[in-house]
Structures are given as structure tokens and as C-alpha cells.
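Breakdown of the fold
Okay, here's what each chain looks like letter by letter:
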Amino acid sequence: MRFFKTIIILSILLSFNTLAQKNRNTTPSSAEQFPIPAKTPNQLFYIQRSSNINTILYDANLGSDKKLDPKNPVHTYWVRYTEGGKKQELTGIQRSLAYGLHTKPMAGETNSYDGYFFAYRKRRFVVKQNSKGEPIALFPINGKMQILEKVFVKVDESGMMPSVIYIELWGRDVNTDKEVYEKFKP
């Protein structure tokens, strides 16, 4: 009986290793080579990681009144490119520890929400709608609140726990609409 349990565990580990190897072999070497998710009117930004091409999207969650949903202004989900581009909700652990957000209404501003990533609380962001009613996420890029569009996280998975080597941010200047970029080590 113990022998069969060992065989089952080894089989599971080998299948995970094969899947991880397959993902590594199909993972581009730089952020510019990753797939770009189709832009939707509610898309705020997305995150990609060096570990595989699956992408986490952050969309504004608008109610029937076309305003941000006060209970849940941002909908976060996967686009699983390794599975043909299917959409998938985050698991509870992913939502509460890794890719989820904490948001709360901003004092003195209607339809604006202050927040942070559960995994990285050092930089706070704002989700709101611009003067045209388009949803945007403002995030500190180069020390100034800018419109965030894309995040790339370079991850080292060689140890027991993955560690972040660097983070790249792409966005647009709120006033000039020029592209902005920052790379930093957390």
C-alpha cells in the first residue's frame, strides 16, 4: 500500500514538473514578447510574470448606472494563455495573498477608490473614472501618479519560495498622455 502511495505522489510530482518545464519552454525571454490581452473598455491594467505567459487582468466593475461598483470596483481574473486563452477567476488564496486588491472609497471624492495590492502594500493606487467616464487606475510611476497600463514581474523560482527580482511598470502621463516607464527592485 505504501509503495502505491509513493508511486502516486511521484507521478503527481513528475506531471507538475513536466507542466512547469513546458511553461518555461514556451515563456518568452522578455516582457515585450508576451501576448497582449485584447483591450476592453473596462480594462484598467494587467500583470504578467516571467514564470509563464498567463496574465492577470484588472477590469473596472461598473454597475448599471455606469459608475464603479462601490462594493467591488475592480474585477480581477486570469487569462490562461497556456490553456488557449480561457478566462478564469482567481482562487481565494490568489485573491487574498497574491493578486488581490484592497479598495475603499476615497474621502471627499465620489466614484473614486483608494487601494493597494495585498502582495505589495508600499505603493497605493486610485481607481476612478476620468472626465470622459473612462475607468482608470492611477499608480505611482517615477514618483508621480500616472495611468497604469501594464506590470511585468521578473520572478526567481529557483528556491523554495519564489522571489521578485524586479518590477516594470508601463503607463501614460495623466496630463500629457505620453508613455511612462519605471523599473524597480521591491
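What you see is a predicted model; the values in this text were computed from it and never measured.

Parameters and conventions
- Residues numbered from 1 in each chain as written.
- Predicted model: local features only at pLDDT ≥ 70, side-chain atom pairs only at ≥ 80, totals over all residues.
- Heavy atoms only, no water.
- Pairing = 2+ DSSP bridges.
- Helix = DSSP H or I, 4+ residues; strand = E, 2+ residues; numbered from the N terminus.
- Phe/Tyr/Trp six-rings, centres within 6.5 Å; stacked < 30°, edge-to-face > 60°.
- Buried < 20%, exposed > 50% of the residue type's maximum accessible area, 1.4 Å probe, protein only.
- Lys NZ or Arg CZ within 6 Å of the ring centre and 35° of its normal.
- Salt bridge = Lys/Arg side-chain N within 4 Å of Asp/Glu carboxyl O.
- Polar contact = N/O pair within 3.5 Å; in protein donor to acceptor, adjacent residues only side chain to side chain.
- Contact = heavy atoms within 4.5 Å.
- Core = buried A, V, L, I, M, F, W, Y, C linked by side-chain atoms within 4.5 Å.

On to the pairing of strand β9 (residues 144-156). The pairing of strand β1 (residues 43-49) with β9 spans four bridges and is classified as parallel. Bridging across to β9, Y46 finds its partner in K150. One ladder, built from four bridges, connects strand β8 (residues 135-141) with β9; its direction is antiparallel. Looking at the pairing, L138 lines up with I147 of β9. As consecutive antiparallel partners, β8 and β9 are separated by two residues, and within that stretch N142 has a phi angle of approximately 55 degrees, a positive value.

Once that is clear, we can look at the packing of aromatic side chains. Tallying each qualifying case throughout the model produces ten aromatic pairs. Measuring from ring centre to ring centre gives 5.9 Å for F45 and F117, while their planes differ by 70 degrees; the resulting arrangement is edge-to-face. Placement of F45 in strand β1 and of F117 in strand β6 (residues 112-117) is noted, with a sequence separation of 72 residues between them. Side by side, F45 and F117 carry an identical accessibility label, which is buried. Seen in terms of ring centroids, F117 and F139 are 6.1 Å apart; in terms of plane orientation they differ by 75 degrees. Their pairing is edge-to-face. Note that F117 is positioned in strand β6 and F139 in strand β8, a separation of 22 residues in sequence. Assessed through its relative accessible area of 5%, F139 is described here as buried. Through successive ring pairs, a cluster of aromatic residues spans F45, Y58, F117, F125 and F139. Of note, K150 hangs over the ring of W170, and the distance from its end group to the ring centre comes to 4.5 Å.

With that out of the way, let us pick up the pattern of salt bridges. Any two side chains of opposite charge can pair, given that their charged atoms come close. In this structure the tally under the stated criterion is seven salt bridges. Here R123 ties to E182 by a salt bridge, and the two come within 2.9 Å at their closest N and O atoms. With R123 in strand β7 (residues 120-129) and E182 in strand β11 (residues 179-184), this pair connects stretches of sequence that are 59 residues apart. Each member of the pair, R123 as well as E182, carries the same accessibility label: buried. Through salt bridges with shared partners, a single network forms among R80, E83 and K86.

Examined against the element boundaries, Q129 turns out to sit in strand β7. Among the polar contacts made by the side chain of Q129, one reaches the main-chain carbonyl oxygen of K66 at a distance of 3.0 Å. In terms of polar contacts, Q129 uses its side chain to reach the backbone carbonyl oxygen of G133, at 2.9 Å. In this structure, Q129 is in contact with L62, K66, K67, L68, N111, E134 and P135, ignoring residues within four places of it in sequence.

What follows is about the environment of K178. Mapped onto the fold, K178 is located in the loop between β10 (163-172) and β11. The exposed category is assigned to K178, whose relative accessible area is 58%.

With that out of the way, let us pick up the nonpolar core. Core analysis: the biggest nonpolar cluster contains 28 residues, and F45, I47, Y58, F117 and L169 have the highest contact counts within it. A total of four residues in this core trace back to one element, the largest contributor, which is β9. With near-sequence residues (within four places) excluded, F117 lies in contact with F45, I47, Y58, Y99, G100, L101, F125 and F139. Residues A31, I53, F152 and W170 belong to the second largest nonpolar core, which totals six residues.

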